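Architecture and fold: a report
What follows is each chain in one-letter form.
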Amino acid sequence: MCPASVANGAERGFIIPIGGGEDRIKEMQIHRRFVELSGGADASIVVIPTASMLHETGQDYHRIFSELGAGKVDFLQINRRSDCDNDDFAVLLDNATGIFMTGGNQLRLSAILGGTRVAQKIRRRNAEGIPVAGTSAGASIMSEHMVAGGAGNEPPAEGRVSLAPGIGLTNSVIIDQHFTQRNRLGRLLTASSYNPFLIGLGIDEDTAAFIGPDDVLEVVGSGTVTVVDASQMTHSSIWDAKPGEALSLLGLRLDVLGEGCRYDLNARVGYPPGDASGTGILSNATGEVSA
């Protein structure tokens, strides 16, 4: 799936992959920023808890966003592909000012949403300027190519990661989550070797990459975002490696971004906190610019 086209004079909404395990009780920094971008007291947020098998997931995020001052919060009980044809759900998405996809199983999420009216609505609403956030599985599915599985604590090797189509909000990155906590560098490197054009984003728990309409991301949260750029790779053994064989990948570039760091996905350049060299500084709810 490719991102929906943006109309002349319009701007795409923020895309906000979250690494899972985000703070839901104390500061709720990531959720707070998402609510602000969605309109604060005027926000109408739609939560899609499809990836989760827990019945309370939708209610949990209803509580979180309501406590943070969102004007209206709904969640869509989508458990079968046929649920995606619900006209009431379509109306809620048409009127949403923010969309949030929860964690769980990304293959469940893609198998139920993929190619449906709901998936089309999510892409179109984002192209119309609405922010779309997702945590854990909800983060993985945002890209055109999705990490569907693969063991952590392993070196990059042939066959150590499986890919599947994502929802296609962006076609410039591939996303992995719970990154440091589950030691997933090897599988992100393997995924990056399959298509060096894609930028790999490894997002830690309680950490988010707020990707703006100018394709500059800002890191928010207590962990890091690891950026793997394979575009200048000088050698890869992926094409003739045997199943399970360790890969040789030369010329990769790797950046580790903490809170406040920014990364320009087009220029493939990172900026430290407070550096005004790049663009895409995230604006807060009042429209003021924050460094």
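Source: prediction; values computed, not measured. (Residues numbered from 1 in each chain as written. Predicted model: local features only at pLDDT ≥ 70, side-chain atom pairs only at ≥ 80, totals over all residues. Heavy atoms only, no water.)

Counting its secondary structure elements, the protein chain contains seven helices and 17 strands. Scaling as 2.2 N^0.38, a compact globule of 291 residues should have a C-alpha radius of gyration of about 19 Å, and the protein chain matches this with 18 Å. Burial statistics for the protein chain: of 291 residues in total, 53% are counted as buried. Here the analysis covers contacts within the protein chain between residues at least 6 apart in sequence; of these, 73% occur between residues at least 24 apart. (Helix = DSSP H or I, 4+ residues; strand = E, 2+ residues; numbered from the N terminus. Rg over C-alpha atoms; globule rule 2.2 N^0.38 Å. Buried < 20%, exposed > 50% of the residue type's maximum accessible area, 1.4 Å probe, protein only. Contact = heavy atoms within 4.5 Å.)

Take helix α7 (residues 185-194) next. For α7, the tally of buried residues reaches eight of 10 residues, placing the bulk of the element in the interior. Of the positions making up α7, those classed as buried are G186, R187, L188, L189, T190, A191, S192 and S193.

On to the nonpolar core, then. Counting 43 residues, the largest nonpolar core has I48, I78, L113, V118, I122, L201 and L217 as the members making the most contacts within it. Residue contacts for L201: discarding those within four places in its chain leaves V173, I174, I175, D176, L188, I211, L217, V225, T226 and V227. Core analysis: the next-biggest nonpolar cluster, separate from the first, contains 21 residues, I16, A43, V47 and A133 among them. (Core = buried A, V, L, I, M, F, W, Y, C linked by side-chain atoms within 4.5 Å.)

A separate point is the packing of helix α3 (residues 87-95) against helix α5 (residues 117-127). Running from N to C, α3 and α5 point in directions that differ by 10°, and their axes come no closer than 10 Å. When the interaxial angle is binned, α3 and α5 end up roughly parallel. In contact with D87, A90, L93, D94 and N95 of α3, α5 contributes R117, V118, K121 and R125. Split by residue class, the contact of α3 with α5 holds three nonpolar, one polar and five charged. (Axes fitted to C-alpha atoms, helices over the stretch in contact; angles between N-to-C directions. Parallel < 35°, antiparallel > 145°, perpendicular 65-115°, else oblique. Nonpolar A, V, L, I, M, F, W, Y, C, P; charged D, E, K, R; others polar.)

Residue placement: E218 occurs in strand β11 (residues 216-221). The buried category is assigned to E218, whose relative accessible area is 5%. Here the alpha-carbon distance between E218 and G270, two residues 52 residues apart in the chain, equals 9.8 Å.

With mixed pairing, four strands are arranged side by side in an open sheet as β8-β9-β12-β15. In this open sheet, the two strands that pair with only one neighbour each are β8 (173-177) and β15 (253-257). Going from strand to strand, the sheet's axes swing by 20° on average, the running direction of each strand aside. In the sheet, strand β12 (residues 225-229) pairs with β15 via five bridges, with the strands oriented antiparallel. Directly across from V225, in β15, lies its bridge partner L257. (Pairing = 2+ DSSP bridges.)

So, about the environment of V35. Looking at the element boundaries, V35 is found in helix α1 (residues 29-38). Judged by its relative accessible area of 2%, V35 falls in the buried class. For the pair V35 and G98, spaced 63 residues apart in sequence, the C-alpha to C-alpha distance is 7.7 Å.

Turning to the packing of α1 against helix α2 (residues 57-67), a few remarks are in order. For the pair α1 and α2, interaxial distance at closest approach is 9 Å and the crossing angle is 70°. If you check the angle between α1 and α2, you find them roughly perpendicular. Taken as a pair, α1 and α2 cross one another with a handedness that is right-handed. For the pair α1 and α2, the contacting residues are H31, F34 and V35 in the first and Y61, I64 and F65 in the second. A class-by-class count of the residues in the contact of α1 with α2 yields five nonpolar, one polar and no charged. (Left-handed = near helix turned anticlockwise from the far one by under 90°.)

A separate point is the confidence of the model for the protein chain. Per-residue pLDDT for the protein chain has a mean of 93; in total, 95% of the residues score no lower than 70. Here residues 283-291 is modelled with pLDDT under 50, and outside its nearest four sequence neighbours on either side it reaches 10 contacts, counting other chains as well. (pLDDT = per-residue confidence, 0-100.)

Following the sequence through the fold, T102 ends up in the loop between β4 (98-101) and α4 (106-113). According to the relative accessible area criterion, T102 is buried, its value standing at 0%. When near neighbours in sequence (up to four residues on either side) are disregarded, T102 contacts V47, I48, P49, A51, S52, T57, Y61, T135, A137 and G138.

For the rest of this paragraph, the subject is the pattern of salt bridges. A complete count under the given rule lists 13 salt bridges for this structure. Note that D87 and R117 form a salt bridge whose closest N and O atoms lie 2.8 Å from each other. Here D87, found in helix α3, pairs with R117, found in helix α5; they are 30 residues apart in sequence, far enough to count as distant. Of the residues examined, R117 reaches a relative accessible area of 32% and is grouped as partly exposed. A network of salt bridges, in which partner residues are shared, links R24, D60, R63 and E67. (Salt bridge = Lys/Arg side-chain N within 4 Å of Asp/Glu carboxyl O.)

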